[in-house]
Amino acid sequence: MGLTHDLFAPVLAGEADPPGLTHLPAFAVPVEQELLAAINAVATAAPFRHMLTPGGQHMSAAMTNCGEVGWVTDRRGYRYDRLDPQTGQPWPPLPACLTQLAGRAAAEAGFASFRPDVCLINRYEPGARMSLHQDRDERDFSAPIVSVSLGLGATFLFGGLKRTDRPHRLPLVHGDVLVWGGPTRLNFHGIAPVMEGCHPAVGRRRLNLTMRKAL
Ligand code: SIN
Ligand code: FE2
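Anyway, here's the lowdown on the structure attached to this text. Since we're looking at a predicted model, the values are computed, not measured. The numbering scheme is per chain: residues are counted from 1 as the chain's sequence reads. Following the order in which they are written, the chains are lettered starting with A and the ligands numbered starting with 1. Totals for whole chains, interfaces and linings use all residues, but because this is a predicted model, local features are given only for residues with pLDDT of at least 70 and pairs of side-chain atoms are given and counted only at 80 or more. Remark: hydrogens and water are excluded; side-chain values derive from all non-hydrogen atoms of the structure.

## Focus: helix 2 (residues 32–45)
So, point 1. A run of H or I in DSSP becomes a helix once it reaches four residues, and a run of E becomes a strand once it reaches two; helices and strands are each numbered from the N terminus. A helix is expected to span 1.5 Å for every residue after the first. Counted at 1.5 Å a residue, the expected span for helix 2 with its 14 residues is 20 Å, and the 20 Å between its end C-alpha atoms agrees.
So, point 2. When helix 2 is considered as a whole, its buried residues turn out to be Glu-32, Leu-35, Leu-36, Ala-38, Ile-39, Val-42 and Ala-43. On an axial view of helix 2, the arc spanned by its buried residues comes to 160°, and they lie on one face. Counted as exposed and oriented over 90 degrees from the buried face of helix 2: Gln-33, Asn-40 and Thr-44. Exposed residues in this analysis have more than 50% of their type's maximum accessible area, buried residues have under 20%, and partly exposed residues fall in between, with area computed by a 1.4 Å probe over protein chains only. Of all possible arcs, the one meant is that of the directions from the helix axis to the C-beta atoms.

## What to know about the sheet that holds strand 1 (residues 21–24)
So, point 1. If DSSP finds at least two bridges between two strands, the strands pair. Taken in spatial order, the six strands make up an open sheet running 1-10-7-12-5-2, and their pairing is antiparallel. Each edge of the open sheet carries a strand with a single partner, namely strand 1 and strand 2 (62–67). This sheet shows a mean twist of 20° between the axes of neighbouring strands, independent of strand direction.
So, point 2. Across four bridges, the pairing between strand 7 (residues 145–151) and strand 10 (residues 177–180) is antiparallel. If you follow Ile-145 over to strand 10, its bridge partner there is Trp-180.
So, point 3. In what follows, a contact means two residues having at least one pair of non-hydrogen atoms within 4.5 Å. Helix axes are fitted only over the stretch in contact, all axes being lines through C-alpha atoms; the angle between N-to-C directions runs from 0 to 180 degrees. Sheet strands in contact with helix 3 (residues 96–108) are strand 1, strand 2, strand 5 (118–124), strand 7, strand 10 and strand 12 (206–212), and its direction is about 115° off that of strand 7.

## What to know about the site of ligand 1
So, point 1. Neighbouring ligand 1 are Asn-122, Tyr-124, His-133, Ser-147, His-189, Ile-191, Arg-206, Asn-208, Thr-210 and Arg-212.
So, point 2. Measuring from an oxygen atom of ligand 1, one finds a side-chain N or O atom of His-133 at 3.1 Å.
So, point 3. N or O atoms within 3.5 Å of each other form a polar contact, as long as, within protein, one can give a hydrogen and the other can take it, and as long as residues adjacent in sequence are counted only when both atoms are side-chain atoms. Side-chain polar atom of His-189 to an oxygen atom of ligand 1: 3.1 Å apart, as the coordinates give it.
So, point 4. Taken by itself ligand 1 offers 260 Å² of open surface, and the protein chains cover 98% of this.
So, point 5. Breaking the shell around ligand 1 down by element, the ones donating at least two residues are strand 5, strand 11 (189–191) and strand 12.
So, point 6. When residues of the shell around ligand 1 are assigned to their parent elements, the largest contribution, four residues, is made by strand 12.
So, point 7. Classifying every residue of the shell around ligand 1 gives two nonpolar, six polar and two charged. If a single non-hydrogen atom of a residue is within 4 Å of a molecule or strand, that residue counts as near it. To measure how exposed things are, a 1.4 Å probe is used in the Shrake-Rupley method; for residues, cover is taken only from the protein chains shown. Three classes are used: nonpolar for Ala, Val, Leu, Ile, Met, Phe, Trp, Tyr, Cys and Pro, charged for Asp, Glu, Lys and Arg, and polar for all others, with Gly counted as polar.

Here it is, written out as structure tokens:
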């Protein structure tokens, strides 16, 4: 009894997810080729671009979207828009492989029947990062967030409801999926600067798919 406890308790404690965040390691690996093909198709119609923050800085991650709306930022602020401001066209539709993966991952985390209407696609080259922020431009916070990592690894920062809450640091690798929602839906989160490297299937970049219900 005592021996078992002593052997395993520290390991389990050290590996526990932060409360309110579900980490599904390698969950997307079985569909990686479909996901990469879908991202390429989206980026052909709606190219990656470095959007401008309201403060006038270019974001270090390049972004595009697919779905009924897309997340955009410029000098006017953060918002969802039905049209890609760069092409003037609607965003490409959400590929079924993304919607299905998001639904399955959300269900694993206890959120039944999640159906995203937007996927923000982030592309990080080494050195790019995402500072701590809340996802709060959506109309309804009852749906969770499903976030898929592909390519180079990165450290995910998962804080609390206050910007000053000290974030957990969670290493993410190719194929990992994160789900958070309910009481942690508005938690601050971000990505530490991506380290130099080259992933065999994805190259010298990290791709992130963030699926949400915005409308
Ligand atoms: C985001 O919060 O928009 C991106 C998170 C990530 O790249 O993993
Ligand atoms: Fe976010």
